[in-house]
Amino acid sequence: MTSPCGAECYILIFLLAWLSAYLASRGRRASLESKGVVLGPLYLIINIRSLAPALEERLRGNHWASRLLSASPAVAAALMGYALYFLARNLFLYFAAPSGFAAVVPLVPFLTLRSAQLIGIFLAAVPLLLVPHELSHALAAAARGIKIKGAGFLLVAFLLGAFVELDEDLFRSAGWRRRAVTAAAGPTANAAIAGLLFLLLVTQPTSYLYLPSPIASQFYSPSPGVLVVGVMPGSPAQAAGLSPGDVILSINGIPIQNLSSLANINLSAGEPLSVEVERGGQIRVYHLVAAEMSGRAMMGVYLSNYMAPRFRLPYFGPTADYFLLWLLTISFAVAAFNMLPMAPFDGAVFADALLSPLVGDERTRRAVLHALYALSAALLVGNVALSFVRFGMPNL
């Protein structure tokens, strides 16, 4: 039975419920805030200050992780440089070579993200990315004598996250190196997660389809066979049990080296086929009958030349592959764009820390920072605006 209430209806119910809770709590605002609870029109903050001492003590003793984070300013500087370069180059391409312009749009559930699958991935990705991000900030701070005042969770509209509250006075008075490492730690953690996800993805047979050829060639090598990328619903291949990730090695005993050799096999509608497939390191044989589809005799599969992963794990399946790819994309985007030198991103704090030993005069340093803020904001807003002009409202 189909529910008469669509996505817009559920969003309206959610907003009305939140507004009702917000209005009902206004009389108890002081009492709630004393307990670390702040409820706003579209946000909820739960600050568990009792966690701070235990968290600080636990993180301060993690010396090996703290030493690893000492290298985070180098990673953060590279991310900042990449973000500025990408946005500047993308703007240039919009006018010089429009076909190379890439869309830069904020991912907002139910607005720019409308696919239920992508909304689910995004909502799952937010806590997976924010928790390590905030814990890395806390770890770097605690190891450098910057007090942790609180920690907790927040809910902003549909997005669940976490936060760590640092002692702002101690942070501002800390040396520039300590501030730089603390600011860089969060984006570095996201970049590390993106790197681990990338290494996991390149163990999968279908991931090379999403990678630029120079990168794919480092992790994949051409191998005999053709890769099943997708299976048509209701097709003979689906009925026989073929699935994405399978590698077709032969048909009726005829070896298949690549798509070109497959094209030399003439199929006839109603012809019985014996398809030899490699799946998860095992050889299997499937029997099916070619059917006429779109005016041609076909098995009903989408195929690509097979590139074998140099380091292979069992195939996770197309759904997991898709999830990991989007999680990697979001993680790297968070790492890179959060390092833009503009408020409220970590890049603003990082840039301030780096400029401290270089520009002694406070007024001059502020002028340089404001120029960086303005440049970053212009690049980001320009990319987003031109993306909407060129592609319209995305419907992912």
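Just so we're clear, the structure is a prediction, and the values are computed from it rather than from any experiment.

1. A closer look at the overall build of the protein chain
Next up, step 1: Along the backbone of the protein chain there are 14 helices and twelve strands.
Next up, step 2: Overall, the C-alpha framework of the protein chain stretches about 80 × 55 × 50 Å when taken along its three principal axes.
Next up, step 3: Pairs at least 24 residues apart make up 68% of the contacts formed inside the protein chain by residues separated by at least 6 positions.
Next up, step 4: Split by element, the accessible area of the protein chain, about 20,900 Å² in all, is 65% carbon and sulfur.
Next up, step 5: Side chains of the protein chain give 26 positive and 19 negative charges; the mean places of these two sets differ by 6 Å.

2. Focus: the packing of helix α5 (residues 72-96) against helix α12 (residues 318-337)
Next up, step 1: Look at α5 against α12: their axes get within 8 Å of each other, and the N-to-C directions meet at 95°. The angle between α5 and α12 places the two elements in the roughly perpendicular class. Taken together, the residues of α12 that come into contact with α5 (itself represented by Leu79, Tyr82, Ala83, Phe86 and Leu87) are Phe332, Ala335, Ala336 and Phe337.
Next up, step 2: Looking at the contact of α5 with α12 residue by residue, the classes come out as nine nonpolar, no polar and no charged.

3. Details of the environment of glutamate 134
Next up, step 1: Structurally, the position occupied by glutamate 134 is in helix α6 (residues 116-143).
Next up, step 2: For glutamate 134, a relative accessible area of 16% puts it in the buried group.
Next up, step 3: It is 9.3 Å that separates the C-alpha atoms of glutamate 134 and glutamate 165, two residues lying 31 residues apart in sequence.
Next up, step 4: With near-sequence residues (within four places) excluded, glutamate 134 lies in contact with Ala162, Phe163 and Val164.

4. Topic: a nonpolar patch on the surface
Next up, step 1: Together, Ile46, Ile48, Leu51 and Phe153 give the surface a local cluster of nonpolar side chains, amounting to about 310 Å² of exposed area.
Next up, step 2: Mapped onto the fold, isoleucine 48 is located in the loop between β2 (43-47) and α3 (51-60).
Next up, step 3: For isoleucine 48, a relative accessible area of 30% corresponds to the partly exposed category.

5. Some details on the nonpolar core
Note on soluble globular proteins: their nonpolar side chains tend to be buried together.
Next up, step 1: Formed by 29 residues in total, the largest nonpolar core has its most connected members in Leu79, Met80, Met339, Leu340, Phe350 and Leu380.
Next up, step 2: Taken together, the elements giving at least two residues each to this core come down to α5, α8 (176-201), α12, α13 (346-355) and α14 (362-391).
Next up, step 3: Per-element tally for this core: the top contributor is α5, with eight residues.
Next up, step 4: Apart from the residues lying within four places of it in its own chain, the contact partners of leucine 79 are Pro187, Ala191, Phe332, Ala335, Ala336 and Met339.

6. Re the packing of aromatic side chains
Next up, step 1: For the structure shown, the criterion picks out eight aromatic pairs.
Next up, step 2: Look at phenylalanine 198 and phenylalanine 219: their rings are 5.3 Å apart centre to centre, the planes differ by 80°, and that puts the pair in the edge-to-face class. Taken together, the residues span a long stretch of sequence, with phenylalanine 198 in helix α8 and phenylalanine 219 in helix α9 (residues 213-219) at a distance of 21 residues.
Next up, step 3: Aromatic rings pair up to connect Tyr82, Phe86, Phe332 and Phe337 into one cluster.

7. Here we look at the pairing of β2
Consecutive side chains of a regular strand alternate in pointing toward one face of the sheet and then the other.
Next up, step 1: The pairing of strand β1 (residues 37-39) with β2 spans three bridges and is antiparallel. In the sheet register, leucine 39 faces β2, and the bridge partner there is leucine 44.
Next up, step 2: Linking β1 to β2, which pair antiparallel, is a turn of three residues.

8. With respect to unusual backbone geometry
Negative phi is the rule for most residues except glycine; trans is the rule for most peptide bonds.
Next up, step 1: Here the bond from alanine 343 into proline 344 is cis, since omega is 5°, no more than 30 degrees from zero.
Next up, step 2: Turning to its location among the elements, proline 344 is positioned in the loop between α12 and α13.
Next up, step 3: The residue asparagine 252 is not glycine, and still its phi comes out positive at about 50°.
Next up, step 4: Relative to the helices and strands, asparagine 252 resides in the loop between β6 (247-251) and β7 (254-255).
Next up, step 5: On the accessibility criterion, asparagine 252 (37% relative accessible area) is partly exposed.

9. Focus: α8
Next up, step 1: For α8, with 26 residues, the first-to-last C-alpha span of 37 Å sits near the 38 Å given by 1.5 Å per residue.
Next up, step 2: Within α8, the axis deviates most sharply at alanine 185, by approximately 40°, and proline proline 187 lies no more than four positions further along.

10. Quick word on the pattern of salt bridges
Next up, step 1: Tallying each qualifying case throughout the model produces seven salt bridges.
Next up, step 2: Of the charged contacts in the structure, one is a salt bridge between aspartate 169 and arginine 172, with a shortest N-O distance of 3.6 Å. One end of the pair, aspartate 169, and the other, arginine 172, are both in helix α7 (residues 168-173), three residues apart, so they sit about a helical turn from each other.
Next up, step 3: Here arginine 365 ties to glutamate 362 by a salt bridge, and the two come within 2.4 Å at their closest N and O atoms. Of this pair, arginine 365 and glutamate 362 both sit in helix α14, three residues apart, which is roughly one turn of the helix.
Next up, step 4: A relative accessible area of 10% places arginine 365 in the buried class.
Next up, step 5: Judged by its relative accessible area of 41%, glutamate 362 falls in the partly exposed class.
Next up, step 6: Each of Asp352, Glu362, Arg365 and Arg366 takes part in a single network of salt bridges with overlapping partners.

11. Things to note about the side chain of serine 207
Next up, step 1: Inspection of the secondary structure assignment puts serine 207 in the loop between α8 and α9.
Next up, step 2: In this structure, serine 207 is in contact with Leu201, Tyr220 and Asp321, ignoring residues within four places of it in sequence.

12. Some thoughts on the confidence of the model for the protein chain
Detailed reading of the predicted coordinates is not advisable wherever pLDDT falls low.
Next up, step 1: The predicted model of the protein chain has a mean per-residue pLDDT of 86, with 93% of residues at 70 or higher.
Next up, step 2: Helix α4 (residues 63-69) is the least confidently modelled element of the protein chain, averaging 73 in pLDDT, while α5 averages 96, the highest of any element.

What counts, and at which threshold
- Residues numbered from 1 in each chain as written.
- Predicted model: local features only at pLDDT ≥ 70, side-chain atom pairs only at ≥ 80, totals over all residues.
- Heavy atoms only, no water.
- Helix = DSSP H or I, 4+ residues; strand = E, 2+ residues; numbered from the N terminus.
- Contact = heavy atoms within 4.5 Å.
- Areas by Shrake-Rupley, 256 points an atom, 1.4 Å probe, with all protein chains shown as cover.
- Lys, Arg positive; Asp, Glu negative; His and termini not counted.
- Charge placed at Lys NZ, Arg CZ, Asp CG, Glu CD.
- Axes fitted to C-alpha atoms, helices over the stretch in contact; angles between N-to-C directions.
- Parallel < 35°, antiparallel > 145°, perpendicular 65-115°, else oblique.
- Nonpolar A, V, L, I, M, F, W, Y, C, P; charged D, E, K, R; others polar.
- Buried < 20%, exposed > 50% of the residue type's maximum accessible area, 1.4 Å probe, protein only.
- Patch = residues over 30% accessible without salt bridge, like charges linked within 9 Å, V, L, I, M, F, W, Y side chains within 5 Å.
- Salt bridge = Lys/Arg side-chain N within 4 Å of Asp/Glu carboxyl O.
- Core = buried A, V, L, I, M, F, W, Y, C linked by side-chain atoms within 4.5 Å.
- Phe/Tyr/Trp six-rings, centres within 6.5 Å; stacked < 30°, edge-to-face > 60°.
- Pairing = 2+ DSSP bridges.
- Expected span 1.5 Å × (residues − 1).
- Bend = angle between axes of the 7 residues up to and from the residue.
- pLDDT = per-residue confidence, 0-100.

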